[in-house]
Amino acid sequence: MIRLAVATALVFVVVGCASPVSTESPSQVLIQTTPPTAPQNSLAFPSALPAVSAAATTPPATLTAPSPPAPSARNTPGPTVHPTASPSPIASTSGWLRLNGDGAAWAPDGQHFLASWNGAGIVYDSTGSAGHHAPLHWPSWFDASHVAGVGDASGSALVYDIDTGSPTSVTLPARAAYSVANGHGAVAFSWPIDDAWPDTHYDYAVWDGSSLTKPHAGFAQAWSPDGSSLALFHQFDGVREPSGWVSVVAWAGLGDRFSDAPPFAAGDVAFDPSSRYAVYDTDTAQDPDSYLTRVVDVQTGSVVDIDRHDAFGGFAYWTSNSNVAVIDHSSLEVYRPDGTRLSRTTAPFDVVAGSADGSTQVFWRDGDNPSDELVVIRGGAQTKLYAPGDVQAVFPSPDGSRLVVSTVADGTYLRAL
């Protein structure tokens, strides 16, 4: 089945956790949320948000990514690196501003975000001042002043101007089911071409603000940070396991840059900050108990497979210097793109989200054991925060200076770090 469901986003879960965290800083991570609830009442907006203090520590050293490995090289992890102590957290309970919405999509420049719920949406600036409405499902930013997504039940493809609040409608061959924009003036819309759930097949097309490409096969899943590459998921014909494979195409033109070889059941793709590498979890039809994290050099097409032990782990994210952090069972392991392991440690809580620039990571407990606690690692310093309610999802700004936190039953909040 398609592992990136049209109604969910990614989850990064550590199965069993302790206290120290890796000193590597992850880039942006997508978080799965439960279906949105009704909007919460908005409160008055202060002119500025209070900052959270943090004990300073020495930031981690930058590691340069090595030359790409040979195709299909299987990684053999190096010796275990024992965790080191993390700085003591600093607790804080103040500084939260309540918003309408249930989740957030940040603009690429971090100056605005869209808080949405059940297809409704309000654009806020980074201080929490409300702007125009932009009622969208699957919102993402076309550029710093336009937000794209899927409209109401009609499946309309829309791009809103946040300065005027007016939408532009994009005519597609079919009703849109999903959208993902690159922040650089392009948005990909996907729609089903059959009714073979959970083995549904999709087509997609990209709109650049003036014209729409012809439809192509695949489910448009993720863009590289520089907007030059688009990752696609391709579904097998009527085969539920393994489910499909990943390809990457170039923008503009949508020419092939990489295509994985079936049979593989592939997970969701995440690009590194340099846009050169991509990572996703996978397994093979030959050995259903073999769990792998696959690292792809999009420029050369070479791959490295990192063995895993846990089918429910294996989720990966990128650090600011293009090393990949893999969550496997109870460990958090950091690797270079060539498969060399740099560190092995544990995380304070079960779920993690990171800022796009890799400066900030936020940990909280998963939905089976929720709490109001957050641990923030920013610039090498660790801070403990308490949200106004049990945490459901966290959305850091691109530079990590602000958080939007969705709680289980107490609304959605913004705060500065």
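Residues numbered from 1 in each chain as written. Predicted model: local features only at pLDDT ≥ 70, side-chain atom pairs only at ≥ 80, totals over all residues. Heavy atoms only, no water.

Draft legend 1. Geometry of the overall build of the protein. Each helix and strand counted, the protein has zero helices and 35 strands in total. When the 417 residues of the protein are sorted by exposure, 55% land in the buried category. Pairs at least 24 residues apart make up 50% of the contacts formed inside the protein by residues separated by at least 6 positions. Here the protein has roughly 16400 Å² of accessible surface; of this, 52% comes from carbon and sulfur atoms. (Helix = DSSP H or I, 4+ residues; strand = E, 2+ residues; numbered from the N terminus. Buried < 20%, exposed > 50% of the residue type's maximum accessible area, 1.4 Å probe, protein only. Contact = heavy atoms within 4.5 Å. Areas by Shrake-Rupley, 256 points an atom, 1.4 Å probe, with all protein chains shown as cover.)

Draft legend 2. Local environment of the nonpolar core. Grouped together as the largest cluster of nonpolar side chains are 16 residues, with contacts concentrated most on A188, Y204, V206, A220, W223 and L230. Only β12 (178-181), β14 (202-207), β16 (219-223) and β17 (229-235) provide two or more residues apiece to this core. If sequence neighbours within four positions are ignored, L230 has contacts with A188, Y204, V206, A220, Q221, A222, W223, S247, V248 and V249. Membership of the second largest hydrophobic core comes to 15 residues, among which are A353, V362, W364 and L374. (Core = buried A, V, L, I, M, F, W, Y, C linked by side-chain atoms within 4.5 Å.)

Draft legend 3. Highlighting the sheet that holds strand β35 (residues 412-416). Pairing in this open sheet of four strands is antiparallel, and the strands run β3-β35-β34-β33 from one edge to the other. Edge positions in the open sheet fall to β3 (97-99) and β33 (391-396), since each of these has one partner strand only. The sheet shows a mean angle of 25° between the axes of neighbouring strands, taken without regard to direction. Strand direction decides the pairing type here: β3 and β35, joined by three bridges, are antiparallel. Across the sheet, the residue bridging to L97 is L414, located in β35. (Pairing = 2+ DSSP bridges. Axes fitted to C-alpha atoms, helices over the stretch in contact; angles between N-to-C directions.)

Draft legend 4. Structural context of the packing of aromatic side chains. Overall, the coordinates contain eight aromatic pairs when judged by the stated rule. Here a set of aromatic residues connected by ring pairs shows up, and it is made of W138, Y178, Y202 and F219. Positioned above the aromatic ring of W96 is the side chain of R415, whose terminal nitrogen or guanidinium carbon lies 4.9 Å from the ring centre. (Phe/Tyr/Trp six-rings, centres within 6.5 Å; stacked < 30°, edge-to-face > 60°. Lys NZ or Arg CZ within 6 Å of the ring centre and 35° of its normal.)

Draft legend 5. View of the pattern of salt bridges. This structure, assessed with the given rule, holds seven salt bridges. Note that D260 and R294 form a salt bridge whose closest N and O atoms lie 2.8 Å from each other. Of this pair, D260 sits in the loop between β19 (256-259) and β20 (264-266) while R294 is found in strand β23 (residues 291-297), placing the two residues 34 residues apart along the sequence. The same class applies to D260 as to R294, namely buried. Between D297 and R276 there is a salt bridge, and its shortest N-O distance comes to 2.7 Å. Pair noted here: D297 is in strand β23 and R276 is in the loop between β21 (270-271) and β22 (277-284), with a separation of 21 residues, a long-range link. You can call D297 buried: its relative accessible area is 1%. Overlapping salt bridges, with partners in common, bring together D260, R294 and D305 in one network. (Salt bridge = Lys/Arg side-chain N within 4 Å of Asp/Glu carboxyl O.)

Draft legend 6. Inspection of unusual backbone geometry at higher detail. Omega for the peptide link from W251 to A252 comes to 10°, which places this bond in the cis form. Structurally, A252 is set in the loop between β18 (244-250) and β19. Unusually for a residue other than glycine, S275 sits at a positive phi of about 70°. By the secondary structure assignment, S275 is in the loop between β21 and β22.

Draft legend 7. Local environment of the confidence of the model for the protein. In the predicted model, the protein carries a mean pLDDT of 75, and 70% of its residues have values of at least 70. When mean pLDDT is compared element by element in the protein, β14 scores highest at 96, while strand β1 (residues 73-74) scores lowest at 30. Across residues 1-93, confidence stays below pLDDT 50; counting only partners more than four residues off in sequence or on other chains, it has 277 contacts. (pLDDT = per-residue confidence, 0-100.)

Draft legend 8. View of the environment of L158. Within the secondary structure, L158 is located in strand β10 (residues 157-161). Residue class for L158 comes out buried when judged on its relative accessible area of 12%. C-alpha of L158 to C-alpha of T171: the two residues are 13 residues apart in sequence and 9.1 Å apart in space.

Draft legend 9. Region of interest: the side chain of R402. Along the chain, R402 turns up in strand β34 (residues 402-407). Buried and unpaired, R402 has no salt bridge, with D399 as the nearest side chain of opposite charge at 6.6 Å. Among the polar contacts made by the side chain of R402, one reaches the main-chain carbonyl oxygen of S126 at a distance of 2.6 Å. (Lys, Arg positive; Asp, Glu negative; His and termini not counted. Polar contact = N/O pair within 3.5 Å; in protein donor to acceptor, adjacent residues only side chain to side chain.)

Draft legend 10. Structural detail: the pairing of strand β26 (residues 324-328). Among the five residues that make up β26, five are buried, leaving the element largely enclosed by the rest of the structure. With burial as the criterion, each face of β26 is covered, one bearing V324, V326 and D328 and the other bearing A325 and I327. Relative to β26, strand β25 (residues 316-318) is paired through three bridges, and the arrangement is antiparallel. The partner of A316 across the bridge, within β26, is V326. Where β25 hands over to β26, the hairpin turn is made up of five residues, of which S322 adopts a positive phi near 65°.

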